[in-house]
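Coordinate inspection notes
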Amino acid sequence: MAPLIGGWAYIQCRIAAWACPAGHVAATRFFLFCPRSFAMPRFPLPLLSALLAAGLLAACSSTPEDKTAGWSTDKIYSEARDELNGGAYDKAIPLLEKLEGRAAGTPLAQQAQLEKAFAQYKSGEKAQAIATLDRFMKLHPASPAFDYALYLKGLVNFNENLGLFSWISRQDLSERDQKAAKDSFESFRELVTRFPESRYSPDARLRMTYIVNSLAQYEVHVARYYYDHGAYVAAVARAQTAIADYKEVPATEEALYILVRSYDALGMTQLRDDARRVLEASYPNSNLLKSGFKSEENPWWKFW
């Protein structure tokens, strides 16, 4: 009498499934029909092994064919560029990965890395794009394209709507993460410091100014949010952060005004008067002390 399917057959099947992931399907089907229990049917072990091997080999034979197998590196790059130019970034990425591997150690491989990072950025794969750029800068610190890598890293983290439309989504501004904006600023700062004559530096400087203004305005938005909700101590703290961390930015005027109003609400008259004197000296034509917050009469976000 042939032995029952037992532990050894089960182990064989699990090892085979591990060795070939596609074979996991065949193994699963086998156990669906032949559960490991006392009611298992009886099969000779050699026959079982042959059946499993045939099923696993059939499953593994369905591996997709690599259409680039016979292509030259130039052809792969040409195809990848066509996909990039057509906006098919998801199709360009695997081609550039192939090119990076086959042209390893050459300038073409470096170019493939940078263009893959760009494609990942345009596809919305920001984390992957940052990882690709960090790897490029680590492997090629002397590359003539290092300035572009810094610029692209800044772009990946750059958000043109930074802090400006937060009220529309009705998010608590104190919970919004500004790390990406700060990382973007650092990449641009390194670019303009190390490569002041780079073709990318003028745009990087403009973006740095925008980021600083936006981050300062973000702090003021948070301060106003706290003030509107009666959290005057927190409002003072965020207004002071805007004033201390971001010099000579438009948001400073409103930050000072929030200090005046918050100190007044807290009954801290000396600090209120000090803040008022600074506001009047720094912004002699300020209308805030006369008319208050621009949004107080018609808080536009309440209509959303």
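Described below are features of the structure shown in this document. (Residues numbered from 1 in each chain as written. Predicted model: local features only at pLDDT ≥ 70, side-chain atom pairs only at ≥ 80, totals over all residues. Heavy atoms only, no water.)

1. Some details on the nonpolar core
With 49 residues, the main nonpolar core has L133, M137, F188 and L259 as its most contacted residues. Taken together, the elements giving at least two residues each to this core come down to α6 (107–122), α7 (126–139), α8 (146–157), α9 (179–194), α10 (201–228), α11 (232–245), α12 (251–266) and α13 (269–282). Counting residues per element, this core draws most heavily on α10, at twelve residues. L259 has contacts with V236, A239, Q240, I243 and A275, leaving out every residue within four places of it along the chain. One finds I76, Y89, A109 and A119 within the second-largest nonpolar core, a separate group that totals 13 residues. (Core = buried A, V, L, I, M, F, W, Y, C linked by side-chain atoms within 4.5 Å. Buried < 20%, exposed > 50% of the residue type's maximum accessible area, 1.4 Å probe, protein only. Helix = DSSP H or I, 4+ residues; strand = E, 2+ residues; numbered from the N terminus. Contact = heavy atoms within 4.5 Å.)

2. Details of the packing of aromatic side chains
Going through the model one piece at a time under the given rule, you end up with ten aromatic pairs. These aromatic residues form a ring-pair network of at least three members: Y148, Y151, F158, F188, Y200 and Y210. Seen from the ring of W71, K75 lies directly overhead, with NZ or CZ sitting 4.6 Å from the centre. Across from the ring centre of F158, 4.8 Å away, lies the NZ or CZ of R207, which sits over that ring. (Phe/Tyr/Trp six-rings, centres within 6.5 Å; stacked < 30°, edge-to-face > 60°. Lys NZ or Arg CZ within 6 Å of the ring centre and 35° of its normal.)

3. Remarks on the packing of α6 against α8
Packed helix pairs are characterised by how far apart their axes lie and by the angle those axes make with each other. Running from amino to carboxyl end, α6 crosses α8 at an angle of 10°, the nearest separation of the two axes being 11 Å. Taken together, the axes of α6 and α8 are roughly parallel relative to one another. Note on element contacts: α8 touches α6 through Y148, A149, L152, L155 and V156, opposite L114, A117, F118 and Y121. Of the residues contributing to the contact of α6 with α8, the split by class is nine nonpolar, no polar and no charged. (Axes fitted to C-alpha atoms, helices over the stretch in contact; angles between N-to-C directions. Parallel < 35°, antiparallel > 145°, perpendicular 65-115°, else oblique. Nonpolar A, V, L, I, M, F, W, Y, C, P; charged D, E, K, R; others polar.)

4. Some thoughts on α12
Helix length check: α12 (16 residues) gives 23 Å between terminal C-alpha atoms against 22 Å at 1.5 Å per residue, within 8%. If you check which residues of α12 are buried, you get A251, T252, E254, A255, L256, Y257, I258, L259, V260, S262 and Y263. Buried residues in α12 make contact with α10, α11, α13 and α14 (288–291). Of the residues flanking the end of α12, it is G267, one or two places downstream, whose phi is positive at about 75°. (Expected span 1.5 Å × (residues − 1).)

5. Thoughts on the side chain of S286
Take S286: it is sitting in the loop between α13 and α14. On the basis of relative accessible area, S286 is assigned to the buried category, the value being 10%. At 2.6 Å, the side chain of S286 forms a polar contact with the side chain of E253. Residues within four places of S286 in sequence aside, it is in contact with E253 and L279. (Polar contact = N/O pair within 3.5 Å; in protein donor to acceptor, adjacent residues only side chain to side chain.)

6. Re α6
For α6, which comprises 16 residues, the first-to-last C-alpha distance of 23 Å matches the rise-based estimate of 22 Å (1.5 Å per residue) to within 8%. Among the structural elements, α4 (73–85), α5 (89–102), α7 and α8 are those in contact with the buried residues of α6. Following α6 by one or two positions, G124 has its phi on the positive side, about 85°.

7. A look at a nonpolar patch on the surface
A cluster of nonpolar side chains, contributed by V233, L266, M268 and L271, occupies part of the molecular surface with about 320 Å² of accessible area. L266 sits in the partly exposed class, given a relative accessible area of 33%. (Patch = residues over 30% accessible without salt bridge, like charges linked within 9 Å, V, L, I, M, F, W, Y side chains within 5 Å. Areas by Shrake-Rupley, 256 points an atom, 1.4 Å probe, with all protein chains shown as cover. Salt bridge = Lys/Arg side-chain N within 4 Å of Asp/Glu carboxyl O.)

8. Section: the pattern of salt bridges
Counted according to the given criterion, the structure contains 15 salt bridges. Of the charged contacts, one joins E186 and R189 as a salt bridge, the two residues approaching to 2.9 Å between their closest N and O atoms. Of the two residues, E186 and R189 are both situated in helix α9; the distance of three residues between them amounts to about one turn of the helix. Judged by relative accessible area, E186 falls into the partly exposed class, the value being 38%. Accessibility expressed as a relative area gives 36% for R189, which makes it partly exposed. Put simply, D203 and R207 hold a salt bridge, and the shortest N to O gap is 2.6 Å.

9. A word on the environment of Q128
On the secondary structure map, Q128 appears in helix α7. Given the relative accessible area of 39%, Q128 is considered partly exposed. Separated by twelve residues in sequence, Q128 and K116 place their C-alpha atoms 9.5 Å apart.

10. So, the environment of M137
Its place among the elements puts M137 in helix α7. A residue is classified by how much of its surface remains accessible, and M137, at 12% relative accessible area, is buried. In this structure the C-alpha to C-alpha distance between M137 and L150, which are 13 residues apart in sequence, comes to 8.4 Å. Beyond its immediate chain neighbours, meaning those up to four positions away, M137 contacts F146, A149, L150 and K153.

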